[in-house]
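# Analysis of the macromolecular model
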Amino acid sequence: MASFSGFLAKPQMGITAAGDGANGISSLMDYVGKGGVDVGDDLVVLLYHIQFACKRIAALVASPFNSALGKHSALTAAAASDRDKPKPLDIVANEIMLSALRNSGKVSVMASEEDDAPIWINDDGPFAVVLDPLDGSRNIDASIPTGTIFGIYNRLAELDNQPVEDKALLNSLQSGTKLVAAGYVLYSSATILCASFGSGTHAFTLDHSTGDFILTHPSIRIPPRGQIYSVNDARYFDWPEGLRQYIDTVRQGKGKYPKKYSARYICSLVADFHRTLLYGGIAMNPRDHLRLVYEANPLSFLAEQAGGKGSNGKSRILSIQPVKLHQRLPLFLGSSEDIDELESYGNVQQKVNPGYEV
């Protein structure tokens, strides 16, 4: 797919990657270790287990043997009133991530989109991890990109004497401003792990010949303005006036950027955000649908570290204090100038939700 061709090109010139290989190639583990940015031994161990789990999920998604699961998913979805009801592949991916976090010995609590409540793992684990183990799983049968999203926080040691249920929840409801690291893994024509450890956003592409994630795009900078908007505009007549005016304006080339915008929409959050991160523009879901803890905070952290923004249409995502584990909200991600222009239209959050089937 053309969207990912940039990641298969040579690494950006003029930027020194961590690692001391003879050919200048750096793996993810080289990059985060003592010879690279040195994120600390505990986080290195955790990242090793996360990337290993994501390689297992990548193999699962690409396997011809998941077709039976996919058929069962379709039957389950047809009978379900909640379009986000977990499917078998989601559940398997969730179990893979939970096993990896347990084996790392570095995680106190895991909060997942697939679980009703956080899972307390280890009293001594220095980190709390929030995640969406397999975003976009409905697309698998059509071979459309899917992804894993994760965020990592320091464990709140001041809560150690609280009941397990309380400290598990409060550790999982930390503000996005407290993220230590965040990332996503895109499962597509290439498997790409994009992460930030608080000093820029960097992408690593899986080399299937070695099993290593190789640094292909260090220090990604999202263009300050793009020429692409990504949204399901079949919902146009359910949108508020401000959002309709914004979309009408930019696609006619009458906005602050005097060129007509194009629409690109995959309906896979990780894939739409990945393209936006590379090419600029804005990716959005204007209704209260995406989850603050598992999706909005980690992706907004990555956007900001790349020079972009994450907004709910009115304010910065990372400044919003979560109050519920599965709290939903509108999400707008992308180039800083595009987000600013969108917010200037005022009423851009969709409140009409007639109960979409797809």
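Residues numbered from 1 in each chain as written. Predicted model: local features only at pLDDT ≥ 70, side-chain atom pairs only at ≥ 80, totals over all residues. Heavy atoms only, no water.

Along its length, the protein carries nine helices and 13 strands. By the burial criterion, 56% of the 358 residues in the protein qualify as buried. Surface accessibility of the protein: about 15,300 Å² in total, with carbon and sulfur atoms responsible for 51%. (Helix = DSSP H or I, 4+ residues; strand = E, 2+ residues; numbered from the N terminus. Buried < 20%, exposed > 50% of the residue type's maximum accessible area, 1.4 Å probe, protein only. Areas by Shrake-Rupley, 256 points an atom, 1.4 Å probe, with all protein chains shown as cover.)

Counting buried residues along helix α7 (residues 269–279), ten of its eleven residues qualify, which places the element largely inside the surrounding structure. Where α7 ends, the next residue or the one after it, Gly280, has phi of about 85°, a positive value.

A few words on the sheet that holds strand β11 (residues 282–291). The strand order across the open sheet built from five strands is β10-β9-β11-β13-β12, with neighbouring strands paired in mixed fashion. The open sheet has two edge strands, β10 (262–263) and β12 (309–311), and neither has a second partner. Taken together, the three bridges between β12 and strand β13 (residues 328–334) define a ladder with antiparallel strand orientation. The residue of β13 that forms the bridge with Gly310 is Leu333. Against the sheet, helix α6 (residues 241–251) contacts β9 (228–230) and β11, and its axis sits at roughly 160° relative to β11. Sheet contacts for helix α8 (residues 292–305): β11, β12 and β13; angle to β11, the most-contacted strand, approximately 155°. (Pairing = 2+ DSSP bridges. Contact = heavy atoms within 4.5 Å. Axes fitted to C-alpha atoms, helices over the stretch in contact; angles between N-to-C directions.)

Pairing within the open sheet is mixed, and its eight strands lie in the order β2-β1-β3-β4-β5-β6-β7-β8. Either end of the sheet is taken by a strand with one partner, and the two such strands are β2 (119–120) and β8 (212–217). Where strand β7 (residues 201–207) and β8 come together, five bridges link them in antiparallel fashion. Considered in β8, the bridge of Ala203 is made with His217. Each of β3 (127–135), β4 (146–154), β5 (179–187), β6 (191–196), β7 and β8 touches α7; the most contacted strand, β5, lies at about 105° to it.

Quick look at helix α9 (residues 336–343) now. Taken as a whole, α9 has its buried residues at Ser336, Asp338, Ile339, Glu341 and Leu342. Those residues of α9 hidden inside the fold are in contact with α6, β11, β12 and β13.

Not every positive phi belongs to a glycine, and Asp38 is a case in point at roughly 55°. Relative to the helices and strands, Asp38 resides in the loop between α1 (28–32) and α2 (41–62). On the basis of relative accessibility, which here comes to 37%, the residue Asp38 falls in the partly exposed class. Even without being glycine, Cys267 reaches a positive phi, approximately 65°. Relative to the assigned elements, Cys267 resides in the loop between β10 and α7. The partly exposed category is assigned to Cys267, whose relative accessible area is 42%.

What follows concerns the packing of α6 against α9. Put simply, α6 and α9 touch, their axes get as near as 9 Å, and they point 130° apart. On the basis of their axis angle, the class for α6 and α9 is oblique. Residues Leu243, Tyr246 and Val250 of α6 lie in contact with α9, whose contacting residues are Asp338, Glu341 and Leu342. Looking at the contact of α6 with α9 residue by residue, the class counts come to four nonpolar, no polar and two charged. (Parallel < 35°, antiparallel > 145°, perpendicular 65-115°, else oblique. Nonpolar A, V, L, I, M, F, W, Y, C, P; charged D, E, K, R; others polar.)

Turning our eyes to something else, we now look at the nonpolar core. Grouped together as the largest cluster of nonpolar side chains are 40 residues, with contacts concentrated most on Leu46 and Ile152. Counting residues per element, this core draws most heavily on α2, at eleven residues. By size, the runner-up hydrophobic cluster in this structure holds 27 residues, among which are Leu186, Leu269, Leu292 and Ile320. (Core = buried A, V, L, I, M, F, W, Y, C linked by side-chain atoms within 4.5 Å.)

The next point concerns the pairing of β3. Where burial is concerned, most of β3 is hidden: nine out of the nine residues are buried. Where strand β1 (residues 107–112) meets β3, five bridges bridge the pair, whose relative direction is parallel. Residue Val107 lies in a different strand from β3, and its bridge partner there is Phe127. Sheet topology places β3 next to β4; seven bridges connect them, and they run antiparallel. Its bridge partner lying in β4, Leu131 is registered against Phe150.

Let's shift gears to the confidence of the model for the protein. Residues at a pLDDT of 70 or more form 87% of the protein, whose mean pLDDT is 89. Within the model, pLDDT remains below 50 along residues 1–22, and this stretch shows 43 contacts once partners closer than five positions in the same chain are excluded. Below a pLDDT of 50 lies the segment residues 70–81, which in the model reaches eight contacts outside its immediate sequence neighbourhood of four places, other chains included. (pLDDT = per-residue confidence, 0-100.)

The tally for this structure, following the rule as stated, stands at 15 salt bridges. With its nearest N and O atoms 3.9 Å apart, the salt bridge here joins Lys167 to Asp123. Highlighted residues: Lys167 in helix α5 (residues 164–172) and Asp123 in the loop between β2 and β3, separated in sequence by 44 residues. One salt bridge in this structure joins Lys309 and Asp340, with 2.6 Å as the shortest N-O distance. (Salt bridge = Lys/Arg side-chain N within 4 Å of Asp/Glu carboxyl O.)

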